[in-house]
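Here are the chains, one letter per residue:
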Amino acid sequence: MADHPACTLLIAGEALTGGGRDHADILDPATGETIGSVPHATADDLDRALEAAQRGFKTWRSTSADQRTAILLKAAALIRERAPAIGEALTREQGKPLKEAIGETIYSAMLLEFYAQEIKRVYGRTLVRPAGQRVEVQYHPVGPVAGFAAWNFPSLNVMRKIGGALAAGCSTIVKPSEETPSAGLALVQACIDAGVPGDAVQCVFGVPDQVSTHLLASPIIRKVTFTGSTAVGKHLAKLAAEDLKIATMELGGHAPVLVFADADVDAALDTMTANAFRNAGQVCVSPTRFLIEQPVYERFRDGFVERTRAITVGNGFDKGTDMGPMASARGLERMESLIGDAKEHGAQLLSGGERIGNQGFFHQPTVLAEVPTDAAIMNDEPFGPVAILNPMAGEEAMIAEANRLPYGLAAYAWTQNPARRRRLAAEVEAGMLAIDTGGVSAADAPFGGVKWSGYGSEDGREGVLACMVPKTVHEA
Ligand code: NAD
């Protein structure tokens, strides 16, 4: 694809490609065709990046808060300006509708704007002591941060890795997904163009496990932050533990949606059907397990199926497209296996269930109902365009089912009963709970999970503090 942006490494401010390095193809998931290639960093490249990150940390941490705020705000403005082009490359590599790709990139700029302002709100505190004594709690940047981002939100996932780190005064090396490299690379470039030293923000690609093993083996890296599957998250957490590096893990989920008989069913349907198929279901907070109180089950089920059938699947560049292809052939295979297994376990297939055509990685929006808990899809995150609708016998059973899995990222509930809302807030095991809304993410709100969905938060003031360490200074 002639107009697809060229992809390079960005090490110590230098754009690197070629030079005998390995390259991997970038595919368009709407066609399956190769649209470009991504260079793999060599071991020497990674060592250079580590040395630069050490230098960059010294420079960036001693840049005044005012200056860092101004630079990051400028980077956010550049990202906003470049969002149409970044969004186009993102859709070409990942498949989501263009307006979502541009929207995600603008949201990344908003997050950076929040982080830039937050720099001035990292307060320490002075403890009460007798006259002549002083104890001060200060917050310092932890050191160089290595970030590994997944392909489902190629802009936002990368901003979540670099934004908090840069706001805290850390240098950062980020590895966007090799499958969707362009948007993350463009964000790093915008930071450099705005004045972040090239040593303080760098971008690398490679064989994921080789890059993370190399970077995490270095004592220079003091924090790792990862978005991806629970399996890889556990692996990286173990590597981090070898050197007691701190870690933020944003991992898988399998979000329950508790729909009670007292809910505004139409509002729940309109919001949650769209949410379930956004980005072809490849969203860590995707609503997947619908637990519907018996009295409204049939109405909810029929309304959900009707709305699902109205979803237009197509190329992300077509104006009428609601849902693009899945990002990779891997996703299609997972869908086929999970849906097949659910049917074998007696689930009802109410809509979809098949791959669309044989070009690209398109799959029908799919609705399964009355799926038994021993079917794999009731236990493993589907990460695809499928929703499970199950009738339930009341609040206690619904909360128990919501909490049954080891995951705890997002949870949703629809109820107009205020006392029940409080009970859900207390009892549902999740990092984010949305009641009567589909929104679980905002620049100023911490985003992260519990249990196997990981630990540590991104976004909000917690996203900055996650890259800082307290130092207590005792003076007599
Ligand atoms: P995966 O965990 O293998 O890959 C996810 C991302 O992690 C990719 O971008 C990959 O490049 C990177 N990665 C993989 N191994 C790595 C390593 N050793 N070091 C550093 N980075 C590494 O998963 P996948 O096959 O791409 O997607 C399947 C599953 O991953 C999904 O079912 C879902 O559970 C999970 N996932 C979660 C999120 C999220 O937002 N939390 C995003 C993408 C995928």
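### Topic: helix H7 (residues 230–242)
Here's step 1: The end-to-end C-alpha separation of H7 is 19 Å, in line with the 18 Å expected for 13 residues at 1.5 Å each.
Here's step 2: Among all positions in H7, only Thr-230, Gly-233, Leu-236, Ala-237 and Ala-240 are buried. Mapping the buried residues of H7 onto a view down its axis gives an arc of 120 degrees, with all of them on the same face. Set apart from the buried face of H7 by more than 90 degrees, the exposed residues are Ala-231, Lys-238 and Glu-242.
Here's step 3: Elements that come into contact with the buried residues of H7 comprise strand S7 (145–148), helix H6 (208–216), strand S10 (223–227), strand S11 (246–250), strand S17 (407–408) and strand S21 (454–455).

### Regarding the pairing of strand S13 (residues 287–293)
Here's step 1: Counting buried residues in S13 gives seven out of seven residues, a clear majority hidden from the surface.
Here's step 2: With five bridges joining them, strand S12 (residues 255–259) and S13 adopt parallel strand pairing. Counterpart to Val-257 in the pairing with S13 is Phe-290.
Here's step 3: Relative to strand S16 (residues 386–392), S13 runs parallel, the two being bridged by five bridges. Directly across from Phe-290, in S16, lies its bridge partner Leu-389.

### Observations concerning the packing of aromatic side chains
Here's step 1: Counted under the stated rule, the structure contains seven aromatic pairs.
Here's step 2: With a centroid separation of 5.0 Å and an interplanar angle of 65 degrees, the aromatic rings of Phe-290 and Phe-304 are classed as edge-to-face. On the criterion of sequence distance, the pair formed by Phe-290 in strand S13 and Phe-304 in helix H9 (residues 294–309) is long-range, its members being 14 residues apart.
Here's step 3: On the accessibility criterion, Phe-304 (0% relative accessible area) is buried.
Here's step 4: It is Lys-96 that lies over the ring of Phe-153; its NZ or CZ is 3.9 Å from the centre.

### Some details on unusual backbone geometry
Here's step 1: In this model, Asn-279 sits at a positive phi of 55 degrees, which is unusual for a non-glycine residue.
Here's step 2: Of note, Asn-279 is situated in the loop between helix H8 (265–277) and S13.
Here's step 3: Positive phi, close to 60 degrees, is recorded for Asp-436, a residue that is not glycine.
Here's step 4: Mapped onto the secondary structure, Asp-436 falls in the loop between strand S19 (432–435) and strand S20 (450–451).
Here's step 5: Judged by its relative accessible area of 27%, Asp-436 falls in the partly exposed class.

### Side note on the pattern of salt bridges
Here's step 1: Counting across every chain of the model gives 26 salt bridges.
Here's step 2: With a shortest N-O distance of 3.6 Å, Asp-66 and Lys-120 are connected by a salt bridge. Here Asp-66 is found in helix H2 (residues 65–94), whereas its partner Lys-120 is found in the loop between helix H3 (98–118) and strand S5 (125–127), with 54 residues between them in sequence.
Here's step 3: On the accessibility criterion, Asp-66 (52% relative accessible area) is exposed.
Here's step 4: Between Glu-395 and Arg-420 there is a salt bridge, and its shortest N-O distance comes to 2.7 Å. In this pair, Glu-395 sits in helix H11 (residues 395–402) while Arg-420 sits in helix H12 (residues 418–427), placing the two residues 25 residues apart along the sequence.
Here's step 5: On the basis of relative accessible area, Glu-395 is assigned to the buried category, the value being 15%.
Here's step 6: Arg-420 gets classed as buried once you look at its relative accessible area, which sits at 11%.

Calculation criteria
- Residues numbered from 1 in each chain as written.
- Predicted model: local features only at pLDDT ≥ 70, side-chain atom pairs only at ≥ 80, totals over all residues.
- Heavy atoms only, no water.
- Helix = DSSP H or I, 4+ residues; strand = E, 2+ residues; numbered from the N terminus.
- Expected span 1.5 Å × (residues − 1).
- Buried < 20%, exposed > 50% of the residue type's maximum accessible area, 1.4 Å probe, protein only.
- Arc of directions from axis to C-beta.
- Contact = heavy atoms within 4.5 Å.
- Pairing = 2+ DSSP bridges.
- Phe/Tyr/Trp six-rings, centres within 6.5 Å; stacked < 30°, edge-to-face > 60°.
- Lys NZ or Arg CZ within 6 Å of the ring centre and 35° of its normal.
- Salt bridge = Lys/Arg side-chain N within 4 Å of Asp/Glu carboxyl O.

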